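# Analysis of the macromolecular model
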Amino acid sequence: MSIKELISTVIVSAGGVGFILWFAAKSIAKSSFDRYMQKVKNDYDKELAGIKHSYESELVLLKAKFESITYISNKQFEKELSIYQEIWQSVAELICLIESPSYTENLQYDILFISESFGKDVKERYSSFINSFTKYEPFLNDDILTLFKDFKKIVSNYKKKLEATIWNNNVNGESLTAKDVDYFDSNAPEEIKKEANALQMKIREYLQSLKVEM
């Protein structure tokens with residue numbers, strides 16, 4: 001073999017080894033990179049699973065808490081609704097009676113009195129209202145309690161004026177003047193209804209605030 005051929009053989013041989021070394025290094029680097037990326041992916045998947053589990057656990061707790069709040073709120077709504085329904089029934093019966101006063105007329109002397117039966121009916125309805133109101137007074141919303149007390153005061157004043165003009169035990173009370181008739185026919189009922197309407201609106205507003213929308 002000539003020197004030229006020997007040199008060529010060495011160069012070729014060296015080139016082949018270099019290629020093998022380069023290929024081997026590239027393969028090792030790719031394998032290490034793949035293992036690293038797989039580790040990163042595994043760590044990411046593990047972290048993501050942990051976050052997902054944490055959120056799912058928190059969601060379960062929040063759902064349970066919301067259901068508990070909803071249940072309690074609905075129970076409170078039902079209970080308070082029944083309370084206001086009971087009191088309001090006595091209020092409605094009282095107002096309906098007051099709106100339709102009945103009179104006793106003495107035709108001989110052309111004078112007018114509130115009938116005794118009407119006075120008794122008002123007394124009974126008023127007592128019914130006071131009983132239901134007093135029974136639930138400690139449990140009423142503060143604003144509503146204030147309005148109920150205002151309503152009670154107005155009706156109490158009406159009742160006192162009524163009793164001062166009533167036919168009682170065959171003894172005539174004061175005969176009614178035109179001003180008295182206006183009071184019993186329109187002025188007092190309108191004032192009492194106005195107070196009752198304000199009370200009704202406040203009760204509706206309060207009960208609506210107790211509802212939890214799903």
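Remember, predicted model here, so these are calculated numbers, not experimental data. (Residues numbered from 1 in each chain as written. Predicted model: local features only at pLDDT ≥ 70, side-chain atom pairs only at ≥ 80, totals over all residues. Heavy atoms only, no water.)

Our next topic: the overall build of the protein. From N to C terminus, the protein includes four helices and two strands. In the protein, the order of α-helices and β-strands from amino to carboxyl end is α-β-β-α-α-α. Burial statistics for the protein: of 214 residues in total, 26% are counted as buried. Accessible area of the protein: about 15,200 Å², with a carbon and sulfur share of 58%. (Helix = DSSP H or I, 4+ residues; strand = E, 2+ residues; numbered from the N terminus. Buried < 20%, exposed > 50% of the residue type's maximum accessible area, 1.4 Å probe, protein only. Areas by Shrake-Rupley, 256 points an atom, 1.4 Å probe, with all protein chains shown as cover.)

Along its 23 residues, helix α3 (residues 142-164) runs 33 Å from first to last C-alpha, staying within 8% of the 33 Å computed at 1.5 Å per residue. Considered for burial, the residues of α3 that qualify are I144, L145, L147, F148, F151, I154, V155, S156, Y158, K159 and L162. (Expected span 1.5 Å × (residues − 1).)

Attention now goes to the nonpolar core. If you look at the biggest cluster of nonpolar residues, it comprises 39 residues, and the most contacted ones within it are F129, L140, F148 and Y158. Those elements giving two or more residues to this core turn out to be α1 (3-98), α2 (116-136), α3 and α4 (178-210). Apart from residues lying up to four places away in sequence, Y158 is in contact with I98, F118, V122, Y183, F184, A188 and I192. (Core = buried A, V, L, I, M, F, W, Y, C linked by side-chain atoms within 4.5 Å. Contact = heavy atoms within 4.5 Å.)

This paragraph deals with the confidence of the model for the protein. The predicted model of the protein has a mean per-residue pLDDT of 78, with 67% of residues at 70 or higher. Mean pLDDT per element in the protein: α1 is the minimum at 68, and α2 is the maximum at 94. (pLDDT = per-residue confidence, 0-100.)

Next up on the list: the packing of α2 against α3. The N-to-C vectors of α2 and α3 enclose an angle of 160°; their axes lie 11 Å apart at closest approach. One way to sum up the angle between α2 and α3 is to call them roughly antiparallel. By crossing handedness, the relation of α2 to α3 is classed as left-handed. Judged by residue contacts, F118, G119, V122, K123, Y126, F129, I130 and F133 of α2 engage L145, F148, K149, F151, K152, V155, S156, Y158, K159 and L162 from α3. Tallied by class, residues from the contact of α2 with α3 come to twelve nonpolar, two polar and four charged. (Axes fitted to C-alpha atoms, helices over the stretch in contact; angles between N-to-C directions. Parallel < 35°, antiparallel > 145°, perpendicular 65-115°, else oblique. Left-handed = near helix turned anticlockwise from the far one by under 90°. Nonpolar A, V, L, I, M, F, W, Y, C, P; charged D, E, K, R; others polar.)

This part takes up the pattern of salt bridges. Applying the stated criterion across every chain yields a total of six salt bridges. Here E99 and K193 are joined by a salt bridge, their closest N and O atoms 2.9 Å apart. With E99 in the loop between α1 and β1 (103-106) and K193 in helix α4, the pair connects residues that are 94 residues apart, well separated along the chain. For K161, the salt bridge goes to D180, with nearest N and O atoms at 3.4 Å. Taken together, the residues K161 in helix α3 and D180 in helix α4 connect sequence positions 19 residues apart. (Salt bridge = Lys/Arg side-chain N within 4 Å of Asp/Glu carboxyl O.)

Taking 1.5 Å of rise per residue, 33 residues should cover 48 Å, and α4 covers 47 Å from first to last C-alpha, within 8% of that figure. A maximum bend of about 45° is found in α4 at F184. (Bend = angle between axes of the 7 residues up to and from the residue.)

Between α3 and α4, whose axes approach to 9 Å, the crossing angle comes to 165°. In terms of orientation, α3 lies roughly antiparallel with respect to α4. You can see that α3 and α4 cross each other, and the crossing is left-handed. Of the residues assigned to the contact of α3 with α4, the class counts are 17 nonpolar, one polar and seven charged.

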